[in-house]
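Overview (structure and organization)
Residues per chain are reported as follows:
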Amino acid sequence: MFSAWGGDVERRLRAEFAQRLVKARKGLAAFTIMAAAFGLGLGLAWNAGLFGGGAVAEAAETAAVRAEAARRAEHRAFTEAYLAHTAREMRVGSGETLAGLLSRAGASRSEANAAMASLTGVYDSRRLRPGQTVSLFFSDAQLTGLAFRSEPGASVTANRTTAGDFAAREVLMPLTFEIARIAAPVEGTLYSTAMAKGATDREIAALADAFSYDVDFQRDVQPGDNFELVFERYYDDEGNTVRTGDLLFVSLETRRGPRNFYSFMGPGDTRSDWYDADGKSARRFLMKTPINGARLSSGFGMRRHPILGYSRMHRGTDFAAPIGTPILAAGEGTIVRAGPFSSFGNYVRIRHANGYETAYAHMSRFARGIRAGTRVRQGQIIGYVGTTGRSTGPHLHYEVLRRGQQINPINLRVANGRNLTGRALELFEIERQRIDTLRQVRANEHAPQEAVLTPTRGGGQP
Ligand SMILES: [Zn+2]
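Residues numbered from 1 in each chain as written. Predicted model: local features only at pLDDT ≥ 70, side-chain atom pairs only at ≥ 80, totals over all residues. Heavy atoms only, no water.

Below, the discussion takes up the coordination of the zinc ion. The protein atoms donating to the zinc ion are His314 (NE2), Asp318 (OD), Asp318 (OD) and His397 (ND1), with metal-donor distances spanning 2.0 to 2.7 Å. The site at the zinc ion holds four donor atoms, and with the angles between them running 53 to 153 degrees, its shape is irregular. Each donor residue of the zinc ion belongs to the same chain, with the gaps between them written as H-x3-D-x78-H. On the criterion of sequence distance, the pair formed by Asp318 in strand β11 (residues 317–320) and His397 in strand β19 (residues 395–402) is long-range, its members being 79 residues apart. Across the pair, His397 and Asp318 agree in class, each one buried. (Donors = N, O, S within 2.8 Å, 3.2 Å for Na, K, Ca; no water. Tetrahedral: all angles 85-135°; square planar, octahedral: opposite > 155°, others 65-115°. Helix = DSSP H or I, 4+ residues; strand = E, 2+ residues; numbered from the N terminus. Buried < 20%, exposed > 50% of the residue type's maximum accessible area, 1.4 Å probe, protein only.)

Position of Gly324 relative to the elements: it lies in the loop between β11 and β12 (326–328). Between the C-alpha atom of Gly324 and that of Ser364, which follows or precedes it by 40 residues, the distance is 7.0 Å. If near-sequence neighbours (up to four positions away) are discounted, Gly324 is found in contact with Ser364, Tyr384 and Val385. (Contact = heavy atoms within 4.5 Å.)

In this section: helix α8 (residues 201–211). All of the buried residues in α8 are Glu203, Ile204, Ala206, Leu207, Ala208, Ala210 and Phe211. On its buried face, α8 is in contact with α7 (190–196), β7 (226–235), β8 (241–254), β9 (257–264) and β10 (273–275).

The buried fraction of strand β6 (residues 176–185) is high, at seven of ten residues. Sheet topology note: the β6/β7 ladder contains ten bridges and is antiparallel. Bridging from a neighbouring strand, Ile182 pairs with Leu229 of β7. (Pairing = 2+ DSSP bridges.)

A few words on the packing of aromatic side chains. Throughout the structure, instances matching the rule amount to 13 aromatic pairs. A centroid spacing of 5.0 Å and a plane angle of 55 degrees characterise the contact between Phe177 and Tyr234, whose relative ring orientation is tilted. On the criterion of sequence distance, the pair formed by Phe177 in strand β6 and Tyr234 in strand β7 is long-range, its members being 57 residues apart. Given a relative accessible area of 42%, Phe177 falls into the partly exposed group. For Tyr234, a relative accessible area of 23% translates into the label partly exposed. Here Phe285 and Tyr356 contribute two aromatic rings whose centre-to-centre distance is 5.2 Å and whose plane-to-plane angle is 70 degrees, an arrangement assigned as edge-to-face. Pair noted here: Phe285 is in the loop between β10 and β11 and Tyr356 is in strand β15 (residues 356–363), with a separation of 71 residues, a long-range link. Judged on exposure class, the residue Phe285 and its partner Tyr356 are both buried. Site record: aromatic cluster; members linked through ring pairs are Phe249, Tyr262, Phe264, Tyr275 and Phe428. Stacked on the ring of Phe319, the Lys or Arg Arg219 has its end atom at 5.1 Å from the ring centre. (Phe/Tyr/Trp six-rings, centres within 6.5 Å; stacked < 30°, edge-to-face > 60°. Lys NZ or Arg CZ within 6 Å of the ring centre and 35° of its normal.)

What follows is about the sheet that holds strand β18 (residues 381–384). Across the sheet, three strands lie side by side as β12-β18-β16; this open sheet has antiparallel pairing. Strand pairing shows two members of the sheet lacking a second neighbour, β12 and β16 (365–366), which therefore form its edges. In this sheet, β18 lies alongside β12 in antiparallel orientation, the contact comprising three bridges. Its bridge partner being in β18, Pro326 is matched across the sheet by Tyr384.

For the rest of this paragraph, the subject is the pattern of salt bridges. If you walk through the whole model with that rule in mind, you get 26 salt bridges. Between Arg149 and Asp237 there is a salt bridge; the shortest N-O distance is 3.4 Å. Highlighted residues: Arg149 in strand β3 (residues 142–151) and Asp237 in the loop between β7 and β8, separated in sequence by 88 residues. Judged by its relative accessible area of 11%, Arg149 is buried. A salt bridge links Arg442 to Glu445; the nearest nitrogen and oxygen atoms lie 2.6 Å apart. Placement of the pair is Arg442 and Glu445 together in helix α9 (residues 422–445), with a separation of three residues, close to one helical turn. Classification of Glu445 as partly exposed rests on a relative accessible area of 44%. Three or more residues joined by partner-sharing salt bridges are found here, namely Arg181, Glu228, Glu429, Arg432, Asp436 and Arg439. (Salt bridge = Lys/Arg side-chain N within 4 Å of Asp/Glu carboxyl O.)

See the structure below:
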């Protein structure tokens, strides 16, 4: 059936085919998968003699020639069948099911049912979200296939088989590994900025953890402050982060100056920790921000609740945050009080070493097992932000007490954490240099963009 084709026709088809493939790749990579799977289907069809391969085989003398002829014929069969297809990209409407989308696209009820049935055990189509793109393929107004991105790094395709039903499978896209570096000024919150630049919850939580001892995230971090994250990242063909590996470096530059921390696991340690360039631990005796600070913004809740710093009248630090935000034990210790406490509402007080105590007020609820006498680790969740007691909006009221008197956490200068020495320090120096080299390499790659993006600090800030 292809013997009538001249060289010109084939060349034109090849060129057109290549062009359309390139276009499709640019739009939706899933399409490439679709075409590949479609090719497989045609391969089966070819073997079944559906495309009349016998005529080509007759002319072949040797096995090698036969194989080559078969390959070319299959390619033509694919090309012709491909060109006979029309592809449409549809977006899932609000409240629309996949069956609904197929019907809206003009698929018959039996086609839609067959396509849906093929997805059973491969993908739950209820996971499709409004706005998501689904590619549909038709031949002579008949649905022949569909493809969509099932999650970052994976696509699902369903194709009509030669038997007339549909077969579906999930295809994992090849992932690329890189050491990613994000360096940007804070816009809105640190959290939203880092997410927009390709970080995930993991990196942002780790950054907040590294700085929770030293930074009051609600008052110290302002729009325009700079942060940097260096982490291992795996991404798919569309540039979506599929998963992340180790976080290597975090940096935050506020009006109080820049602070850098390197991740390092010392000899004999079971997990890595944060150290400054001199090998001094980021950890302190008590945290300055005992909730996940990265989500806080300096302006959050400003209209409804004054964001108070420590003052002689106030004697505590307020963190305005959404109800339900986890509250962390600022340091290791024993709970001495957990329950309602007059105007403080739901209240927890922890006794630490050396006469220090911390208190947490207005909680919506306590974490499981939090009661007087319980030992807690630093960073353990003890309760959740609320607005119980005398409170004008959801916030955590946090107090640091020394010998029963509230003190300003800014004056808390208790060094804790381990400082690296000896062999551990030597190993740390090597790791620090490796990380700094990686940072430098990534910074140079992105230098022209950053020169434009980085605003000057200072002017316009309150
Ligand atoms: Zn307060």
